[in-house]
Amino acid sequence: MTTVELTRFRVNPDHVADLLTAHSRMLADFAADRTGFLDARLVRLSDDEWLDVLTWDTPGDLAASQAKGPNLPGVAAFFATIGEIISEEDGELKTQTEAAASVVTASAASELARHIDGPVFLPDDEGYAAECATYNMNRVLEPVLAVGATCEADVRAAVRFAAERSMPVAVKSTGHQVVLPACGAMLIATSRMNGVTVDPEHRTVRVEAGARARDVVHATVAHGLAPASGSSPTVGVVGYTLGGGQSPLLGRTLGYAADHVREMRFVSAEGVARTVTADSEPDLFWALRGGKGNFGVVTSMDLEVFPVTRFYGGGLWYPGEQVADVLHIWRQWVAELPEEMTSSVAVQRLPARHELPEPLRGAFVAHLRLGYLGEAEDAERLIAPLRNLASPLGDTIGEKPYSALAEIHLDPPDPLPYYDRTTCLRELPEEAVNALVELIGPDSQCPLANVEVRALGGGFDRDPPVPNAISTRGIPFVMFGFGVGGPEQGETMRGHLNRVMEGVEPWAADRRMVNFMSGDEATTKEAVRQAYGADRYDRLAQVKRIYDPSNMFRMNHNIRPV
């Protein structure tokens, strides 16, 4: 493969069968009439948005085919089936022909490999699939070139290579959040850059781009310190922090993880590395902390860590038949909590896995998650209304070291195929809980594995001393749902997720928590702008114009340069 043509378009979901038929006919016509044409396939980006990926042998073959125009019956049928090809000028997804960006020959890849220490993979190379692997196995990455960076110099060389070819760049640490498949792009994988250095005297930790939360927790607890980590120990710390970083233990007292960044090393779209602080480049420092990976590659960051060594918490599981009682009690309970207590509630249909205790194996449950920074006696007084619900199926509440933080949520540690959606709630009244019970409760026939509501507030609402671009201050709840299943279950899972999110729409906020958004969400410029809030997005777009004017870093929930 030497070049691809990418076209994004919309199709009425009711006409998908017609689309597949027309695409098959077009493929047959192209194979008969287009010299150098190798393959064509469709990638579904969301319910109504698709990516057509056409592969050619050489750029010359692509140019010759384009000169012929859509003059075959199969091509005409395909274009007649497409409801809308979406232009960038309209502020929507762009119809792209990125032939030049996609020309990566074996000799060019070998030349790049001479300038970096890490491996370079083309799609047919052994190791390519492992380098592109993601946490969500339904979100596949298929770049034209994958670079396994080992240091900042590797990142600089890779970005310069991409810039010379006008090639878009995707960045992956652990692959927990993949938005687009990176077709026609270079992938920079940072998992080898996993260094963690603790400075106990100044209570900071330097984290490289590929370090996971468990790496940082392990390094810091040895010094009696703790980072503002999230619920999953396998998430990449840099990506988590760039998207805000919502801790299930420290967040309500200390705010978002991004509030505690001291310094970053950053490689911009021209391949130049710089140190970014509040004093050196205040606009970029503001934008990176909350703007996710839209501006370049953060190769390391210095974070504050805190003298926290223990907590009181864990989980309570109640039978699914009690979902309504649990949700209603929890809704009222969280309204009066001190900031030292953080909590969420999840309605779960658990898998029948042997590592789960017998009462929970394959069970339908309401799972209360709790983390408290005070003493056990105070925690138990606070928890009493929840314990009075009934006898739980499972109870892991107790005194724990900070290293046991992951026991609050028990997020799945291994990759799995799933579909997900999120929203934020500006309130959670009785009517909203009733709607949720109808949608996901015992009589709903809902197949989703998990629908969770997290209570925010406290430190999450306070502006930090150095402002940043986080979009969710003042929002009291975030809700996240996912269903496990491969492509054959995609339509079913997406349908149920849509119904759940539409069911709580009367109480939904416009803004979204960036780290929770799936690849099925915020797929247009206007939707991304709404997720951030208009004023915040416009300022981010101004910063983008300075540091990534060609929109090289666009394989994400994209902020487009002004």
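In what follows, the structure referred to is the one given above.
A.B. asks: So what exactly am I meant to see when it comes to the overall build of the protein here?
C.D. replies: Counting its regular elements, the protein contains 16 helices and 21 strands. The C-alpha atoms of the protein give a radius of gyration of 24 Å, which matches the 24 Å a tight globule of 562 residues would have. For the protein, the spread of C-alpha atoms along the principal axes amounts to about 75 × 55 × 45 Å. Looking at the 562 residues of the protein, the share that counts as buried comes to 59%. For the protein, the proportion of contacts with a sequence separation of at least 24, taken over those separated by at least 6, is 74%. For the protein, the exposed surface amounts to about 22,100 Å²; the carbon and sulfur share of it is 50%. In the protein, which carries 51 positive and 76 negative side-chain charges, the distance between the mean positions of the two groups comes to 3 Å.

A.B. asks: Would you explain the sheet that holds strand β7 (residues 169–172) in this entry?
C.D. replies: Sheets are built from strands that pair by backbone hydrogen bonding, the pairs being arranged parallel or antiparallel. Taken together, the four strands give an open sheet; going across it, the order is β5-β6-β8-β7, and neighbouring strands pair in mixed fashion. Pairing within the sheet leaves two strands with one partner each, and these edge strands are β5 (120–121) and β7. Across four bridges, strand β6 (residues 145–148) lies against strand β8 (residues 186–189) in parallel orientation. From the neighbouring strand, G148 faces β8, where its bridge partner is A189. Contacting β6, β7 and β8, helix α6 (residues 152–164) runs over the sheet at an angle of about 175° to β8.

A.B. asks: What am I meant to see in the state of the cysteines here?
C.D. replies: Under the definition given, this model contains zero disulfides. In this model C132 remains outside any disulfide bridge; the closest cysteine sulfur is found in C183, 11 Å from its own. Among the residues examined, C132 registers a relative accessible area of 5% and is labelled buried. With a relative accessible area of 4%, C183 lands in the buried category.

A.B. asks: What is the right way to look at the packing of aromatic side chains in this model?
C.D. replies: Aromatic ring pairs: the centre-centre distance and the angle between the two ring planes describe each pair. Evaluation of the coordinates by the stated rule reveals seven aromatic pairs. With a centroid separation of 6.3 Å and an interplanar angle of 85°, the aromatic rings of F266 and Y547 are classed as edge-to-face. Placement of the pair is F266 in strand β11 (residues 261–267) and Y547 in helix α16 (residues 534–547), with a sequence separation of 281 residues. Judged by relative accessible area, which is 11%, Y547 ranks as buried. With 6.1 Å between their ring centres and 55° between their planes, W330 and F477 make a pair best called tilted.

A.B. asks: How do you make sense of helix α7 (residues 213–221) when you look at a structure like this?
C.D. replies: Because an α-helix packs 3.6 residues into every turn, residues spaced three or four apart end up facing the same way. For α7, the set of buried residues is A213, V216, V217, A219 and T220. Packed against the buried residues of α7 are β9 (196–199), β10 (204–208) and α8 (237–242).

A.B. asks: I would appreciate a short explanation of the packing of helix α11 (residues 323–334) against helix α13 (residues 430–440) in the present structure.
C.D. replies: The relative placement of two packed helices comes down to the angle between their axes together with the axis-to-axis distance. The contact between α11 and α13 brings their axes to 10 Å, and the two run at 155°. If you check the angle between α11 and α13, you find them roughly antiparallel. Considering the relative orientation of α11 and α13, their crossing is right-handed. Each of V323, A324, L327, H328 and R331 in α11 lies in contact with α13, whose residues at this interface are E430, V433, N434 and V437. Tallied by class, residues from the contact of α11 with α13 come to five nonpolar, two polar and two charged.

A.B. asks: Help me understand α13 in this model?
C.D. replies: By the burial criterion, the buried members of α13 are A432, V433, A435, L436, V437 and I440. The inward-facing, buried residues of α13 contact α11, β15 (341–349), β16 (364–372), β20 (450–455), β21 (477–484) and α14 (490–503).

A.B. asks: Looking at this structure, how should I read the side chain of S343?
C.D. replies: You can see S343 is positioned in strand β15. What makes S343 buried here is its relative accessible area of 4%. Engagement of the side chain of S343 in a polar contact is seen with the side chain of W330, the distance being 2.9 Å. When sequence neighbours within four positions are dropped, the list of residues in contact with S343 reads W330, W333, V334, R369, L370, R454 and A455.

A.B. asks: Is there a simple way to explain the environment of P338 in this structure?
C.D. replies: Relative to the assigned elements, P338 resides in the loop between α11 and β15. Distance from P338 to Y532, taken between C-alpha atoms, is 28 Å for residues 194 residues apart in sequence. Beyond its immediate sequence surroundings of up to four residues, P338 is in contact with R252, Y372 and L382.

A.B. asks: Honestly, the sheet that holds strand β13 (residues 297–304) in this entry has me stumped. Any pointers?
C.D. replies: Across the sheet, five strands lie side by side as β9-β10-β13-β11-β12; this open sheet has antiparallel pairing. What marks the edges here is a single partner per strand, and that holds for β9 and β12 (273–276). On average, each strand axis in the sheet is inclined to that of its neighbour by 15°, with strand direction left out of account. Each of β11, β12 and β13 is contacted by α6, which is oriented at about 45° to β11, the strand it contacts most.

A.B. asks: In this structure, what is going on with the environment of P476? I would like to understand it.
C.D. replies: Counting through the fold element by element, P476 comes out in the loop between β20 and β21. Take P476: its relative accessible area is 24%, and that puts it in the partly exposed class. Sequence separation of P476 and V179 is 297 residues, and the distance between their C-alpha atoms is 26 Å. With near-sequence residues (within four places) excluded, P476 lies in contact with L425, R426, E427, R454, A455, L456 and G457.

A.B. asks: Please clarify how the environment of L225 should be interpreted in this entry.
C.D. replies: Secondary-structure assignment places L225 in the loop between α7 and α8. Judged by its relative accessible area of 5%, L225 falls in the buried class. Residues L225 and E304 lie 79 residues apart in sequence; the distance between their C-alpha atoms is 9.6 Å. Excluding residues within four positions of it along the chain, L225 makes contact with V198, P200, R203, T220, V305, F306, P307 and V308.

Rules behind the numbers
- Residues numbered from 1 in each chain as written.
- Predicted model: local features only at pLDDT ≥ 70, side-chain atom pairs only at ≥ 80, totals over all residues.
- Heavy atoms only, no water.
- Helix = DSSP H or I, 4+ residues; strand = E, 2+ residues; numbered from the N terminus.
- Rg over C-alpha atoms; globule rule 2.2 N^0.38 Å.
- Buried < 20%, exposed > 50% of the residue type's maximum accessible area, 1.4 Å probe, protein only.
- Contact = heavy atoms within 4.5 Å.
- Areas by Shrake-Rupley, 256 points an atom, 1.4 Å probe, with all protein chains shown as cover.
- Lys, Arg positive; Asp, Glu negative; His and termini not counted.
- Charge placed at Lys NZ, Arg CZ, Asp CG, Glu CD.
- Pairing = 2+ DSSP bridges.
- Axes fitted to C-alpha atoms, helices over the stretch in contact; angles between N-to-C directions.
- Disulfide = S-S within 2.5 Å.
- Phe/Tyr/Trp six-rings, centres within 6.5 Å; stacked < 30°, edge-to-face > 60°.
- Parallel < 35°, antiparallel > 145°, perpendicular 65-115°, else oblique.
- Left-handed = near helix turned anticlockwise from the far one by under 90°.
- Nonpolar A, V, L, I, M, F, W, Y, C, P; charged D, E, K, R; others polar.
- Polar contact = N/O pair within 3.5 Å; in protein donor to acceptor, adjacent residues only side chain to side chain.

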